[in-house]
Amino acid sequence: MKRWIAVATYWTEIGPVCVLHDIEELDELHDLIERGPDWNTLVDIKVTLQRQINPGLTVEAANHL
């Protein structure tokens, strides 16, 4: 399982179509979007972290790791 899930929604003649991307690093998203479909048809992109470890970790606790 990759660290992030990005869902890009594009507008088509039949309505919105969602394209799912599993990515490890956020900078990978740039190339995926540039490859197409045409970014002018892009409605939105939602990026979600897929938690693998320490789901209850807080900012304060992470500062002490």
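Residues numbered from 1 in each chain as written. Predicted model: local features only at pLDDT ≥ 70, side-chain atom pairs only at ≥ 80, totals over all residues. Heavy atoms only, no water.

### Some thoughts on the sheet that holds strand 1 (residues 4–12)
In spatial order, the strands read 2-1-3; together these three strands make up an open sheet with antiparallel pairing. The open sheet is flanked by strand 2 (15–23) and strand 3 (42–49), the only strands paired with a single partner. This sheet shows a mean twist of 20 degrees between the axes of neighbouring strands, independent of strand direction. Of the pairings in the sheet, the one linking strand 1 to strand 2 comprises nine bridges and is antiparallel in character. Across the sheet, the residue bridging to Tyr10 is Val17, located in strand 2. (Pairing = 2+ DSSP bridges. Helix = DSSP H or I, 4+ residues; strand = E, 2+ residues; numbered from the N terminus. Axes fitted to C-alpha atoms, helices over the stretch in contact; angles between N-to-C directions.)

### A closer look at the nonpolar core
Trp4, Ala6, Ala8, Tyr10, Ile23, Leu29, Leu32 and Ile33 together form the largest nonpolar core, which totals eight residues. Those elements giving two or more residues to this core turn out to be strand 1 and helix 1 (28–35). Counting residues per element, this core draws most heavily on strand 1, at four residues. (Core = buried A, V, L, I, M, F, W, Y, C linked by side-chain atoms within 4.5 Å. Buried < 20%, exposed > 50% of the residue type's maximum accessible area, 1.4 Å probe, protein only.)

### Let's talk about the pattern of salt bridges
In a structure, side chains of opposite charge can pair up when their charged atoms sit close to one another. The full count for this structure, using the stated rule, is two salt bridges. Across the pair Arg3 and Glu24 runs a salt bridge, and its minimum N-O distance is 3.5 Å. Here the residue Arg3 occupies a position in the segment before strand 1, and Glu24 occupies one in the loop between strand 2 and helix 1, the gap between them amounting to 21 residues. We classify Glu24 as partly exposed; its relative accessible area is 29%. A salt bridge links Glu25 to Arg3, with the shortest nitrogen-to-oxygen separation between them at 3.4 Å. With Glu25 in the loop between strand 2 and helix 1 and Arg3 in the segment before strand 1, this residue pair connects regions lying 22 residues apart in the sequence. (Salt bridge = Lys/Arg side-chain N within 4 Å of Asp/Glu carboxyl O.)

### A word on the side chain of His21
Looking at the element boundaries, His21 is found in strand 2. The contacts of His21, once residues within four sequence positions are left out, are Trp4, Ile5, Ala6 and Leu32. (Contact = heavy atoms within 4.5 Å.)

### Concerning the confidence of the model for the protein chain
Predicted confidence across the protein chain gives a mean pLDDT of 91, with 97% of residues reaching 70 or more. Highest mean pLDDT in the protein chain belongs to strand 1 (97); lowest belongs to helix 2 (residues 59–62) (86). (pLDDT = per-residue confidence, 0-100.)

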